[in-house]
Each structure stands twice: as C-alpha cells, then as structure tokens.
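Report on the structure
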Amino acid sequence: MLDGNLDTRAGRLNDRYRHHAATGVLRRAVSDPDLGRVALVSSFGAESVVLLHMVSVAAPGLPVLFIDTEMLFPETLEYQREVAAKLGLTDIRIIRPTADEIARQDPDGTLHQFDQDACCNLRKTVPLEQALSGFDAWITGRKRFQNGQRAALEFFEPEEPSRLRVNPLAHWRPEDVQEYMVENNLPRHPLVAKGYPSIGCAPCTSPVKPGEDPRAGRWRGSDKSECGIHFIGGRMVRGKVPA
C-alpha cells in the first residue's frame, strides 16, 4: 500500500534517483512501488517524441494519455498517429471533453476568445483529471529551462491531493532534447519547421520570432503561461510559484 504522505514519497524518490539519467529515472520509476500505477501524459507536441520513445523502449505497454481538445492543429493529430505507429505504443488513450460539457459551456467554440482559462479547464484540465483518476502518478515532459515557474523542478513532485508527477527530463538542456531526437532518428512535429517550437491548440498558438522565448507563441498577448494541467494545490499558477 502506498504511503499517503506525498511529500515523503516524493522526497524518498528524489533521493533514490538523484544521480540517475533521464532514461534510468523513467525505466526504473515505472515499476517502483513508491509510485504505484503510472501513466504518461503526452501532447504529441514539439518535444514529446523524446519521452514517447523512452517509454517505447522501457515499457511499451504503459498507458499514454493524449488530450484531444478538439481544437488541435490537424498536423498534431496526424503526428500523433504517425508516432504511435512508428514507436509501437500499445495503449494510447484519447482523452476528450464530453459532448454534453462542450454543448453547455462552449457550444459555438468561441470560449477561448474571452476566457482562455475556462476553455483550458473545459478541454484539458477536467478531462485529464478524470482520466488520471485511476493512476497514482503521471509522467510529464516538463523541463527546468522552459520558464521561471519550472526552474526548480525535481524528478518527482507531489500533486495534491493524491498523486505524484514524474519529470524525467527536468534537468535536460534544449540541446539534450535535440541531440536525443537526432541520435534516435525520431520524427519531428511538422509545425516545428514552420516556427512553432511549442505547440498547443490552434487558436492559442502562434509562430515564434527569432530570439523570442520558445513559449512566446503560447497565449500570445496575455499573462497566461500554463494551460492548467500543471498546477499547484489544485489551482492554476501564474507568475512566480510560491515556495
């Protein structure tokens, strides 16, 4: 039975895997009794193929949850099918908002134009929370270099009230990601070549200009920097994350 104290378990796991490389963290963690039932959550975005490849080698039967917000780029949907087939992932679970909730909250598909947080909650956060209800931990592709909110990211972190997040790539640099893709001949998301280094829903993602932060194209013109999937204490976090 899992220890109910998330901070204790996260601390124990971080101590255990502190000197492991990303592949070692992922390979060993998926069967670690301190994690329990584990799934990988993947957007099949610009860098997602790295973790998907690691899973295909270490645990190809691991559940992979893909959130189809029904507002994704057509290129993302095609890329998802291509990568899943190429890597031989056997348990891809497509997560979508329910038709009833879409009809009730966003019947004309314009919610993102006046309340981006509500749109993300409807199309991402709530469906993912429901999909993760049967798991004790989930694997993310978050990295320290991505923005200030993630600068102190550890391999394992608590997510109240009852889950852990696993961040195998927490300590990777941008060049590590690119080198892994090249060395393993992994397919690239087609939008990357068109100036999209970070890819979300089509209405809220724009190309990034040279010299801009890679995530500058996400929710451009607003102070929003996270979709709500990555939050603290059940609440979306903006600005500096409290200690």
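The following paragraphs examine the structure supplied in this document. Residue positions are given per chain, counting from 1 as you read along its sequence in written order. At least 70 in pLDDT is required for a residue's local features to be given in this predicted model, at least 80 for side-chain atom pairs to be given and counted, and no such filter applies to totals for whole chains, interfaces and linings, which use all residues. Hydrogens and waters are ignored; side-chain quantities use all the structure's heavy atoms.

**So, the packing of helix H3 (residues 48-58) against helix H8 (residues 174-183)**
Convention followed: As a rule, the C-alpha atoms of each element are fitted with a line to give its axis, helices using only the stretch in contact, and angles between N-to-C directions run from 0 to 180 degrees. Secondary structure elements are taken from DSSP: a helix is a run of H or I of four residues or more, a strand is a run of E of two residues or more, and numbering for both begins at the N terminus. Angular relationships are summarised with four words: roughly parallel below 35 degrees, roughly antiparallel beyond 145, roughly perpendicular across 65 to 115, and oblique for the angles in between. Crossings are assigned a handedness: left-handed for a near helix turned anticlockwise from the far helix by less than a right angle, right-handed for a clockwise turn. The criterion used for residue contact is that any of the two residues' heavy atoms lie within 4.5 Å. Amino acids are sorted into nonpolar (Ala, Val, Leu, Ile, Met, Phe, Trp, Tyr, Cys and Pro), charged (Asp, Glu, Lys and Arg) and polar (every other residue, Gly among them).
Following both chains from N to C, one finds H3 and H8 inclined at 55°, their axes separated by 9 Å at the closest point. Relative to H8, the element H3 lies oblique. As for the relative orientation of H3 and H8, their crossing is left-handed in sense. Across from Val49, Val50, His53 and Met54 in H3, the residues of H8 making contact are Val177, Tyr180 and Met181. Residues belonging to the contact of H3 with H8 are distributed by class as follows: six nonpolar, one polar and no charged.

**Brief notes about the pairing of strand E1 (residues 38-42)**
Counted only if it meets this: Think of it in three bands: with a 1.4 Å probe and only protein chains considered, a residue is buried below 20% of the maximum accessible area for its type, exposed above 50%, and partly exposed in between. Being paired, for any two strands, means DSSP has found at least two bridges between them.
Burial analysis of E1 places five of its five residues in the buried class, the great majority of the element. Alternating positions in E1 separate into two faces, Val38, Leu40 and Ser42 on one and Ala39 and Val41 on the other, with burial throughout. Sheet topology places E1 next to strand E4 (residues 137-139); three bridges connect them, and they run parallel. What sits directly across from Leu40, in E4, is Ile139. Here E1 pairs with strand E2 (residues 64-67) via three bridges, running parallel. Across the sheet, Val41 pairs through a bridge with Leu65, a residue of E2.

**Focus on the packing of helix H2 (residues 22-29) against H3**
With their axes 10 Å apart at the nearest point, H2 and H3 run at an angle of 50° to one another. The angle between H2 and H3 places the two elements in the oblique class. The way H2 lies across H3 gives a crossing that is right-handed. Residue-level inspection shows Ala22, Thr23, Leu26 and Arg27 of H2 in contact with H3, the latter providing Leu51, Met54, Val55 and Ala58. Taken together, the residues of the contact of H2 with H3 break down into six nonpolar, one polar and one charged.

**Let's talk about the nonpolar core**
Inclusion rule: Note on terminology: a nonpolar core comprises buried Ala, Val, Leu, Ile, Met, Phe, Trp, Tyr and Cys residues joined through side-chain atoms within 4.5 Å.
One finds Leu35, Met54 and Phe156 to be the most contacted residues of the largest nonpolar core, which totals 44 residues. Apart from the residues lying within four places of it in its own chain, the contact partners of Phe156 are Ala10, Leu13, Asn14, Tyr17, Val25, Ala29, Leu35, Arg165 and Val166. Core analysis: the second largest hydrophobic core is formed by nine residues, Ile95, Leu128, Phe135 and Trp138 among them.

**Quick word on the pattern of salt bridges**
Rules: Take a side-chain nitrogen of Lys or Arg and a carboxyl oxygen of Asp or Glu: if they are within 4 Å of each other, that pair is a salt bridge.
If you walk through the whole model with that rule in mind, you get 20 salt bridges. Across the pair Glu159 and Arg163 runs a salt bridge, and its minimum N-O distance is 3.3 Å. Across the pair, exposure class does not vary: Glu159 and Arg163 are buried alike. Salt bridges sharing partners connect three or more residues here, namely Glu129, Arg142, Glu157, Glu159, Arg163 and Arg165.

**Concerning the sheet that holds strand E5 (residues 156-159)**
Pairing is mixed across the open sheet formed by six strands, whose spatial order is E3-E2-E1-E4-E6-E5. Looking along the sheet, the strands with just one partner apiece sit at the ends: strand E3 (92-95) and E5. On average, each strand axis in the sheet is tilted by 30° relative to the strand beside it, whichever way the strands run. Sheet topology note: the E5/strand E6 (residues 163-166) ladder contains four bridges and is antiparallel. Each bridged residue has a counterpart across the sheet, and for Glu159 the counterpart in E6 is Arg163. Sheet strands in contact with helix H1 (residues 6-17) are E5 and E6, and its direction is about 170° off that of E5.

**Quick notes on the packing of aromatic side chains**
For the record, the criterion: In this analysis, rings of Phe, Tyr and Trp, with Trp reduced to its six-membered ring, are considered paired at centre separations within 6.5 Å, and the interplanar angle assigns stacked below 30 degrees, edge-to-face beyond 60, and tilted for intermediate values.
Considering all chains together, one arrives at four aromatic pairs under this definition. Taking 5.5 Å as the distance between ring centres and 70° as the angle between the ring planes, the aromatic pair formed by Phe73 and Tyr196 counts as edge-to-face. Of this pair, Phe73 sits in the loop between E2 and helix H4 (74-87) while Tyr196 sits in the loop between H8 and strand E7 (231-232), and the two are 123 residues apart along the sequence.

**Quick word on unusual backbone geometry**
Of the consecutive residues Glu160 and Pro161, the connecting peptide bond is found in the cis state with omega at 10°. Locating Pro161 in the fold gives a position in the loop between E5 and E6. Positive phi, close to 70°, is recorded for Glu70, a residue that is not glycine. As for its placement among the helices and strands, Glu70 is situated in the loop between E2 and H4. Backbone geometry places Asn185, a non-glycine residue, at a positive phi of 50°. Looking at the element boundaries, Asn185 is found in the loop between H8 and E7.

These figures capture arrangement, not role.
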